[in-house]
Every structure is written in C-alpha cells, then in structure tokens.
Amino acid sequence: MKHSKFCTIVLTLVLIFLYLPVAVLIANSFNVSKYGGEWAGFTFKWYEALFSPSNREIWMAFERSLIIAGTATVASCILGTTAAIALHRWRGRLQTAHYGLIYTPLVMPEILMGISLLMMFTAVGMQCGMLTIIIAHITFCVSYVTMTVLARLQDFDDRVIEAAYDLGASPMYAFFKVTLPILLPGIIAGGLLAFTLSIDDFVITFFVTGPGSDTLPLKIYSMIKHSRQMPVINSLSTLMLVFTCVLVAASRFVSNRKQKR
C-alpha cells in the first residue's frame, strides 16, 4: 500500500508546529543572548544561574508544586476509585446526580471553577494558601481519575468477585486481592493524568493561592513579567523536559521487559 504524499506533508507540518517551539526553547537555554532574538554563542551560564542562591525561590516553588501535586494525586486516586466503583455497581437517580457532579469539572471553564472556589473559600473564612490549592486541585483531579477507572470497569467481570465470595473471601479481602489488582492499571493512568494536570495548572491555582504559596507555573509567570533573567526559565523548562523524557523511557523499558518475560 502506497503512502499518500499529502498525509506525509500534513504530518510533517503538524510535527513541526508542535515541536519547533520546544526546539527553540532548548536552543535559547544555551544562547548567550538574554533576549533570544538571535544566536550569540553557546553558554551554560543560564544553567549556572538557575542553581545559584539568587534563584532559590524557583526551587521552593517547584517543591511546593510537587507537594501539592503528590497530595492531590493520592487523594484523587482514593476518591476517584471509590466514586467509579459506586457509579459502576449502583444505578438510580442519586447515581445520575453523582455522575453529573463528577462530569461537570471536565466541561466547566477553569476560570469559572477558580472564581467559584475562591468565593467558597472566602465565604467559609478560609485563608488562601497551600491547603486551598490542594483542595482545588483535588476537586478537578477526581473527575479525571473517576472517568479513567470507570473506563477500566467497563470490561470488569463481576463473576470474578462472586467466585471469590464463594471461596470464602470477605468483601475487604476480595477488594484488595481481586478488584484492586484488576483496576490498578486504570488507577495508575488516572493518577499520572491527575499529577500532570495538577503540577501544570495555572488558572485555578491563580485564584486560590495566597502569600508565600506560589507554585512553579505562577512563579514562571511572575518571572516572565518582571524578571530580567528570562533564559533561566528556558533552562528550567529544558531540565523538566529531559526529566520527563527519562521517566517515559524508563517506563517503556520496564514495560518491554515485562512483555518479554
């Protein structure tokens, strides 16, 4: 079967559109020029500046982002898995309303959700900070985990649970030894999606953050508007990209080894 030249051209243009800005960002992280308008020479000074004490706030913001994303991911996996099992096993008007509440954050504009959460925190007298950011992130991450696990449950054979009960397993034992291992790939996929969305979120975090609780996206936004060390952001982005690629390569390596076994 011959490949269409038109499809090849379109694919090439799409790949250039997606990855050319990333390539420019990586190149500018090694550019002597501060503004990146033209190539002025190769240097590592922006990476040195990134790890200098003057930019310690960047790493503090990165640490806060990891704490918030990790906490939101764990909580979302627990709540999302529970919600998915409830939606799968029971039917009724209550579960229809439950499904609507789970599905709403997926289609609601982020700016609307951010304003709504800010108004709620203000109404209950809660001071904005890391706790409010974690609650806000759990609010929208739960939906993604629930939908991912719910998709996994579509192929779930309930007769496996019935067989476990017939063999004398308690409900708790059957859940941890039968249900959970089957759902684990969906939970991991939902957790990875929740972690990615949480650590990358800007709009909702912007509304519910407080003094001293800026996450990495907010810190980068602040540096773009006010900092004179713009290439430091390029260096940080390049390191995050390399770290992500290493994780993906490692996961693929482990997956391929398991398949060979």
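Just above sits the structure.
Keep in mind that what you see is a predicted model, and the values were worked out from it rather than measured.

A. Layout of helix H6 (residues 130-153). Compared with an ideal rise of 1.5 Å per residue, which puts 24 residues at 34 Å, H6 spans 33 Å between its outermost C-alpha atoms and is within 8% of the ideal. Of all the bends in H6, the largest measures some 30° and sits at Cys141.

B. Broad picture of a nonpolar patch on the surface. Taken together, the side chains of Phe6, Val10, Leu11, Val14, Leu15, Phe17, Leu18, Tyr19, Val22 and Leu241 define a hydrophobic patch exposed on the protein surface, amounting to about 970 Å² of accessible area. For the nonpolar patch, the element with the most residues is helix H1 (residues 5-28), which contributes nine residues. Position of Val22 among the secondary structure elements: in helix H1. Note on Val22: relative accessible area 31%, which makes it partly exposed.

C. Summary view of the pattern of salt bridges. Within this structure, the stated rule accounts for one salt bridge. In this structure, Glu57 and Lys219 form a salt bridge, with 2.7 Å as the shortest nitrogen-oxygen distance. On the criterion of sequence distance, the pair formed by Glu57 in helix H3 (residues 56-89) and Lys219 in helix H10 (residues 216-226) is long-range, its members being 162 residues apart.

D. Looking closely at the packing of aromatic side chains. Throughout the structure, instances matching the rule amount to 12 aromatic pairs. Ring pairs connect the aromatic residues Phe30, Phe42, Phe44 and Tyr47, which therefore count as one cluster.

Calculation rules
- Just so you know, the residues in each chain are numbered from 1, in the order the chain's sequence is written.
- Only residues with pLDDT of at least 70 are given local features in this predicted model, and only at 80 or more are side-chain atom pairs given and counted; all residues enter the totals for whole chains, interfaces and linings.
- Remark: hydrogens and water are excluded; side-chain values derive from all non-hydrogen atoms of the structure.
- Helix and strand definitions follow DSSP, with helices as H or I runs of at least four residues and strands as E runs of at least two, each counted in order from the N terminus.
- By this rule the span expected of a helix is its residue count minus one, scaled by 1.5 Å.
- What is called the bend at a residue is the angle between a pair of axes, fitted to the seven residues leading up to and ending at it and to the seven starting from it.
- The patches described consist of residues with a relative accessible area above 30% and no salt bridge, like charges being joined within 9 Å and nonpolar side chains (Val, Leu, Ile, Met, Phe, Trp, Tyr) within 5 Å.
- Accessibility throughout is a Shrake-Rupley quantity obtained with a 1.4 Å probe, and a residue counts as covered only by protein chains that appear here.
- Basic side-chain nitrogens of Lys or Arg form a salt bridge, by our definition, when they fall within 4 Å of a carboxyl oxygen of Asp or Glu.
- Note on classification: 1.4 Å probe, protein chains only; a residue is buried when its accessible area is under 20% of the maximum for its type, exposed when over 50%, partly exposed between these limits.
- By convention, a stacked pair of Phe, Tyr or Trp rings (six-membered ring in the case of Trp) has centres within 6.5 Å and planes under 30 degrees apart, an edge-to-face pair has planes over 60 apart, and any other such pair is tilted.

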